[in-house]
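Chains, contacts and geometry: an overview
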Amino acid sequence: MTFNPSDLWAVAPEMVVLAVALAVILIELLATRREGVLQGVAAVGLLAVMAVAVWSLGRPTGAFNGMVARDGLTVFVKLLLAGVALLAVLMSRDYLMGLDKSAPTGVREEVKGNPPLPPPAIAGGEAGVRHGEYYALLLLATCGMMVLASATNLVTLFLGIETMSLALYVLAGIRPERPRSGEAALKYFLLGAFSTGFLLYGMALIYGTTGGQTNLSMISKAVADLGDGAPVMLFAGVGLLMVGLLFKVAAVPFHFWSPDVYQGAPTPVTAFMSVGPKAAALMAFIRLFGWALPDLADVWGPALWMVAAATMTIGNIVAIAQRDIKRMLAYSSIAHAGYLLIGVLAAGSPGVRSAATASMLFYLVAYFLMNIGAFTIAILVSRARPDGDYQIDDYQGLGASHPYLSAAMALFMISLAGIPPTAGFFGKLYLFSAGVNAGLVTLVVIAVLNSVISVYYYLRIVVYMLMRPQPSPVEVRISPAMTAVVLVCVVGVIKFGVLPGSMMDWARSGAENMAQPTPQVVVDVNDPSQIRQSDR
Amino acid sequence: MSNHLYLIPLLPLAGFLINGLLGRKLGDKAVGFIGSAVIGIAFVLSVAAFVELLGLPVHERHIDRTFFTWLAAGSLEVPFGLLLDPLSALMILVVSGVSFIIHIYSIGYMHGDPGYPRYFSFLNLFVFFMLLLVLGDNYPIMFIGWEGVGLCSYLLIGFWFTDEARATAGKKAFIVNRVGDFGFLIGLFLIFATFGTLSYAGVSEQARYWVGPGSVIFWITLCMFFGATGKSAQIPLYVWLPDAMAGPTPVSALIHAATMVTAGVYMVARNSFLFALAPATLSIIAWVGVLTAIFAATIALVNNDIKKVLAYSTISQLGYMFVGCGVGAYAAGITHLMTHAFFKALLFLGAGSVIHAIQHAHERAGFVGDPQDIRYMGGLRRKLPTTYWTFAVACVAIAGIPPFSGFFSKDEIIWRSFAGGHPAVGVVAMIAAGLTAFYMFRLLYLTFHGGWRGRRDQADHLHESPPVMTMPLVVLGLLSIVGGWVAIPHVLGGGMRLEHFLAPSFRIAEELSVMHGHHSVSAEYLVMILSVALAVGGILWARAWYIRNPEAPKRALARAKWLYRLLLNKYYVDEIYDYAFVQTTLAFGDGAWRWFDIPIVDGLVNGLAKLVGWMGMVIRRVQTGLVSNYALMMAIGIILVVGYMVWK
Amino acid sequence: MTVGLSWYLWLSALLFCIGVAGVLTRRNALIIFMSIELMLNAVNLAFISFGRYLPNIDGQVFVFFVMAVAAAEVAVGLAIIVTIFRHKETVDIDQVNLMKW
């Protein structure tokens, strides 16, 4: 087992992200109150990450003895994740600056019983969020997602998930002065750690039943060798591992954390969380279930089928009942996770594996653009309100006072509902045709019916904006960074809604250029001496 | 022209972008000019394309141009291609022509409205999607147009958004349409799964030599027809169209009479090669069509809202078009689509002129009232002479009196029902034709004849609309007279020129068709004479009741009060949908229902939406906010998932 | 009677279930957190016993990673619980339900 320097290319984007994160922390130490500099460094750093990611593209191969993959799929996903982080960074400064100015204690928090304590002291004695810390955590979470998306070994999978999650737990609770933020962090943390336990137990069982394999392709081989003689413990392991990942994509019935966390977390973090972890975890899903365990598809397939159907249905139905736009978008993102699981299921049937993976990639890009766009506008509208709340009622009559902003929001809503000519429509079209090709006709029918239901609550925002009188005038102020975010999302949603071909080509070449690395030197399980030695 | 076919939809899109982005800066005059001009140019280009097509030999009249590869994903490859064949050539001519006239009319009608630029940009956008729908050479393009016109329709119905009822109507229309679109989309997925391609050319080529099971085709066509019932307002999804009358009247004329609602008919005609393989679906279409025709006609008999009468009349006439398709007479259906576009657009614009005048009078007299109730009209003949004469022409045309356009198209459909082996359908269609003549003339007499039944002080303020509104009426009036002359049947010495022109588009369907009815000249004469007699009878009856003896209807209605009530309440369909829904909900638990106290508002759509919303309210209660409950739910989920996988 | 792999696995499963039961029944955030740690240690036991009996070294390596991550989790988790305590002066998770439905 030798170390090959070219392996570093496989993790080059992660290393750059890490370096930028450290740089941001250092800069904050040297130059406090330079929020613009911090944001700039983080943003430029992420652009550099994207450049490095493109640069690292090469022949599909593994690295570090099959721990991570270096292939088109990882590059595509890393670009997507860096893009998500970039837009999150761009929308964060306004949000954080707004906090610094406004009253540090939440105004409309309904704290019963004890009055809120004064905000906890932060080193330096200032209230509010330390920007450097915030950006660093965002970047560290991105790093974890990248590892998760490229993991081809259970160890790296686990490390990726945990790096991502630990950073996100803190990010959810990064506004300690707000009870809701703390509550979101606590719920996310406790349930996340709980699910990690199951994930790990599943890994342990898989490790044990496949004869000590942690590499995905070796697991695949071992499962194939076991054939019909696969022990029940293996199925239990696969099930527990699936549950652990389903928690991260917020699939029903493991979704309970997500509405509360989305609502409580700072909105840019919510926007980031609603796309990044889902994308990364779904890539892990694809590698694990689509590529390593298709032999067991008749075991995990029906279970995942039920989960997918329940996820999209529950997500859509409960979204209708929401009055808070962040909660509505949370349930909507649950529903979208359900649609995306169709792609995972389709990837389980070998014939359409690449097409299904590609359609998921496209859907993730579309979902990224429309969801980040919607959250950005939600931030803008809530900031225009004195209490900074996120009620759907706040959108009444916005069309008359802010026509361009409303047009953008309407576009995102139409796209989320999957109505052409928007990116969301083609995302659904590709995804559902992959599903039909894989023979999942019933599930696709459920999904189409669900997207009809979803029209109801997405359209409500449009109705409120265009067809209701405004109760009281609001003035939305938009900074250049926010404008840039909204513009990128609008252009993307329209571009991929009218001419989706180029993006789909990239997604396809990414999905087809996929590595299945195996370790070069395997610990010889027939040679007990290696083990015995370490025992002493 | 065919090399630059893309310009035809592109021009309205450009108009939308200019008016939408710069409309406020340009001013109303420029907006109206640009909005109309782009459609006008598109119309000229359509004429050019049509002429070019006419210049080709018959078997070469099929120009399929691919402009670029639009999207590709594995086995799914969709080029951005436009198809110019007789069917689409006729459609773009009708769509752009009628749109142009209505744009001109709108300049006058919407004058001074604060939402003027928004109105024209939406209208342009609508025309763009409609042209895309009829020009596309594959299903995805058609679907995008299909969804797009629905979206614009929704935006325009709710145009005067200050009014809650109007906004609700828009939403209802959109959601009912989505229910239909759901069927259409499923049909598309089935087509893709069955044929592996989504282009008309590819599917029709395979359909031509189809040897697979007929049930697949049956389900595909049934799903697609379900989509058509949504867009074209047929039973059971017609409920949205009467409510859609909340929009500005030119919108009703363009979208809810002449173009968008005919998209379903176009879709069936375009897919004639598939429908021809599914005789069962065709029978369903014919029966749904004819039942809708008579059902809507009876409701129109008693309705008192000038636009609602026209709306039910539209539903009824669309039923005829589906009868045409259902009995395999696609060309007749499309011919009726064209003539209907002329006279129904004219009727709506005429109604708009009337409403405009009465609204004006209301404002002058400082009176707030419903300007659309025909019980408070009358005698407008002298006040609005141009409107009256053109409206009368349209009434004669829709009633089916030769030689006006409606006669030739409607009679052909009725005759083909008999000839195609559906005599029962033909009989019902004939009765509906008689009813049509009656309710249209009832409308005409109540509105324009007799004396003014509104307030006296308003009568002095009633004036004819400006020329920018009456000129379109005259043009459409002429078209309503001569429009049918391209479809004069052989027995009357005509050449059926439109049918021959359209024939290449339905060639495959003709080859596949299993229906070969007998053709007897004397029978055709008999049908013709009978339907004209019924129409004349209807007119005379209306005359007897509403001109000669205005007391007669009251006496008659007093005798058949229950029937009147049934019709006036539109067969209680909205209420039945409500009731069915309430029962379903009650089954879920009476207590919970009362607890949430959800008022029952309006029909199936709101009902279903409420049902789903109610489920949302219930299911969200599971989200207690307590971590321990979440953990418990997760644990249960884990036990279910893992347990299933272990014990399977 | 020999103590074989299955004994360890049953012990690990038992520990894991005790951990799960603790998470589900206790209301104190700290105790819940400890129960989660118990679950992780049950996993560690499973890994080590698999690694010992297969025999394969990777199980032990995995355990090191799990322990490192668990340590990081403790740091983050305690900080979050402290934040909650500052607001509520309690760590009873039933008091933490501002957001629901």
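Residues numbered from 1 in each chain as written. Chains lettered and ligands numbered in written order. Predicted model: local features only at pLDDT ≥ 70, side-chain atom pairs only at ≥ 80, totals over all residues.

1. Points about the overall build of chain C
The following threshold applies: Only DSSP runs of H or I with at least four residues qualify as helices, and only runs of E with at least two residues qualify as strands; both kinds are numbered from the N terminus onward. This radius of gyration counts C-alpha atoms alone. The globule rule is 2.2 Å times how many residues there are, raised to the power 0.38. Any residue with 12 or fewer other C-beta atoms within 10 Å of its own C-beta is exposed, any with 20 or more is buried, and the rest are partly exposed; the C-beta atoms used are placed from the backbone. Once C-beta atoms have been placed from the backbone, residue pairs whose C-beta atoms lie within 7 Å are recorded as contacts.
Regarding its fold elements, chain C presents three helices and zero strands. Along chain C, helices and strands appear, N-terminal first, in the series α-α-α. At 17 Å, chain C has a C-alpha radius of gyration far larger than the 13 Å of a compact globule built from 101 residues. Its C-alpha atoms give chain C principal-axis dimensions of roughly 55 × 25 × 25 Å. When each of the 101 residues of chain C is scored for burial, the buried share is 41%. Across chain C, contacts joining residues at least 24 apart in sequence account for 46% of those joining residues at least 6 apart.

2. Some words on the overall build of chain A
Check the secondary structure of chain A and you find 20 helices and two strands. Computed over its C-alpha atoms, the radius of gyration of chain A comes to 23 Å, within 12% of the 24 Å expected for a compact globule of 536 residues. For chain A, the spread of C-alpha atoms along the principal axes amounts to about 75 × 55 × 50 Å. The 536 residues of chain A split such that 66% are buried.

3. Some remarks on the interface of chain B and chain A
Cut-off, in case you're wondering: Asp, Glu, Lys and Arg are counted as charged, while Ala, Val, Leu, Ile, Met, Phe, Trp, Tyr, Cys and Pro are counted as nonpolar; the rest, among them Gly, fall into the polar class.
In this complex, chain B contributes 50 residues to the contact, which on the side of chain A involves 58 residues. Elements that contribute at least two residues to the side of chain B that touches chain A include exactly strand E1 (63-73), helix H5 (139-157), helix H6 (164-195), helix H29 (603-620) and helix H30 (627-647) of chain B. The residue makeup of the side of chain B that touches chain A, split by class, is 35 nonpolar, 10 polar and five charged.

4. Quick word on the interface of chain A and chain C
At the junction of the two partners, chain A supplies 42 residues and chain C supplies 37 residues. For the side of chain A that touches chain C, the elements supplying multiple residues, two or more each, are helix H5 (154-172), helix H6 (179-209), helix H9 (257-264) and helix H20 (528-535) of chain A. Per element, the largest residue contribution to the side of chain A that touches chain C is 16 residues, and it comes from H6 of chain A.

5. Here's the deal with the confidence of the model for chain A
Residue and element names in this part refer to chain A. As a reminder, the rule being used: Scored from 0 to 100, pLDDT reflects the predictor's confidence in each residue.
Scored by pLDDT, chain A comes out at a mean of 85, with 90% of its residues at no less than 70. Taken element by element, chain A is modelled with least confidence in H20, mean pLDDT 46, and with most confidence in H5, mean pLDDT 94. In this model residues 102-127 is a low-confidence stretch, pLDDT under 50, and it forms 33 contacts with partners more than four residues away in sequence or in other chains. Here residues 530-536 is a poorly scored stretch, pLDDT under 50, and it has seven contacts once near neighbours within four places are set aside; other chains count.

6. Here we look at the packing of H9 of chain A against helix H12 (residues 325-347) of chain A
Residue and element names in this part refer to chain A. Selection rule: Note on definitions: angles span 0 to 180 degrees between N-to-C directions of axes, and those axes are lines fitted to C-alpha atoms, for helices only across the stretch in contact. By the definition adopted for this analysis, an angle is roughly parallel if under 35 degrees, roughly antiparallel if over 145, roughly perpendicular if from 65 to 115, and oblique otherwise. Helix crossings get a hand from a simple test, with the near helix turned counterclockwise from the far one by less than a right angle marking a left-handed crossing and a clockwise turn marking a right-handed one.
Taken N-terminus to C-terminus, the directions of H9 and H12 make an angle of 140°; their axes are 8 Å apart at the nearest point. Classified by the angle between their axes, H9 and H12 sit oblique to one another. In the packing of H9 onto H12, the handedness of the crossing is right-handed. Between H9 and H12, the contacting residues are Ser-258, Pro-259, Tyr-262 and Gln-263 on the first element and Lys-326, Arg-327, Ala-330, Tyr-331 and Ile-334 on the second. Taken together, the residues of the contact of H9 with H12 break down into five nonpolar, two polar and two charged.

7. Side note on the environment of Gly-170 of chain B
Residues and elements named next belong to chain B. Looking at the element boundaries, Gly-170 is found in helix H6. With 28 C-beta atoms counted inside 10 Å, the residue Gly-170 sits in the buried group. Taking C-alpha positions, Gly-170 is 17 Å from Gly-115, a pair spaced 55 residues apart along the chain. When sequence neighbours within four positions are dropped, the list of residues in contact with Gly-170 reads Tyr-154, Ile-157 and Gly-158.

8. Examining the nonpolar core
Put simply, the rule reads: What makes a nonpolar core is a set of buried Ala, Val, Leu, Ile, Met, Phe, Trp, Tyr and Cys residues, with links drawn between C-beta atoms within 7 Å. Each domain's limits were defined by an automated method or a database of domain assignments.
Residues Leu-139 and Ile-342 of chain A together with Ala-345 and Ala-429 of chain B are the most contacted members of the largest nonpolar core, which totals 489 residues. Both of domain 1 (1-137) and domain 2 (571-647) of chain B provide at least three residues apiece to this core. Excluding residues that lie within four positions of it along the chain, Ile-342 of chain A makes contacts with Ala-308, Leu-431, Gly-435, Leu-440, Leu-443, Val-444 and Ala-447 of chain A.

9. Structural notes on unusual backbone geometry
It is generally the case that most residues other than glycine have a negative phi and that most peptide bonds are trans. The omega angle of the peptide bond from Pro-420 of chain A to Pro-421 of chain A is 0°, so this bond is cis rather than trans. Phi is positive for Asn-65 of chain A, close to 55°, though the residue is something other than glycine. By C-beta crowding, Asn-65 of chain A is classed as partly exposed, having 19 other C-beta atoms within 10 Å. Despite not being glycine, Glu-89 of chain C has its phi angle at roughly 60°, a positive value. Structurally, Glu-89 of chain C can be placed in the segment after helix H3 (58-88). Using a count of 11 C-beta atoms within 10 Å as the deciding quantity, one classes Glu-89 of chain C as exposed.

10. Focus on the environment of Trp-146 of chain B
Residue and element names in this part refer to chain B. Note that Trp-146 resides in helix H5. Its 31 C-beta neighbours within 10 Å are what place Trp-146 among the buried residues. Not counting the four nearest positions on each side in its chain, Trp-146 is found in contact with Leu-133, Asp-181, Phe-184, Lys-231 and Ala-263.

11. Observations regarding the confidence of the model for chain C
Per-chain confidence: chain C averages 89 in pLDDT, with 98% of residues scoring 70 or above. Overall fold confidence (pTM) sits at 0.80, and the ipTM for the predicted complex is 0.96.

12. A short note on the environment of Gln-623 of chain B
All names here are of chain B. On the secondary structure map, Gln-623 appears in the loop between H29 and H30. With 21 C-beta atoms packed within 10 Å, Gln-623 lands in the buried category. Taking C-alpha positions, Gln-623 is 46 Å from Tyr-312, a pair spaced 311 residues apart along the chain.

13. A closer look at the packing of H6 of chain A against H30 of chain B
To describe two helices that pack against each other, one gives the angle between their axes and the distance between the axes. The interhelical angle for the contact between H6 of chain A and H30 of chain B, taken along N-to-C directions, is 25°, at an axis separation of 10 Å. In this view, H6 of chain A runs roughly parallel relative to H30 of chain B, as classed from their interaxial angle. The two elements H6 of chain A and H30 of chain B meet at a crossing, and its hand is right-handed. Facing H6 of chain A, whose interface residues are Lys-187, Leu-190, Leu-191, Phe-194, Ser-195 and Phe-198 of chain A, H30 of chain B presents Val-627, Tyr-630, Ala-631, Met-634 and Ile-638 of chain B. Residues belonging to the contact of H6 of chain A with H30 of chain B are distributed by class as follows: nine nonpolar, one polar and one charged.

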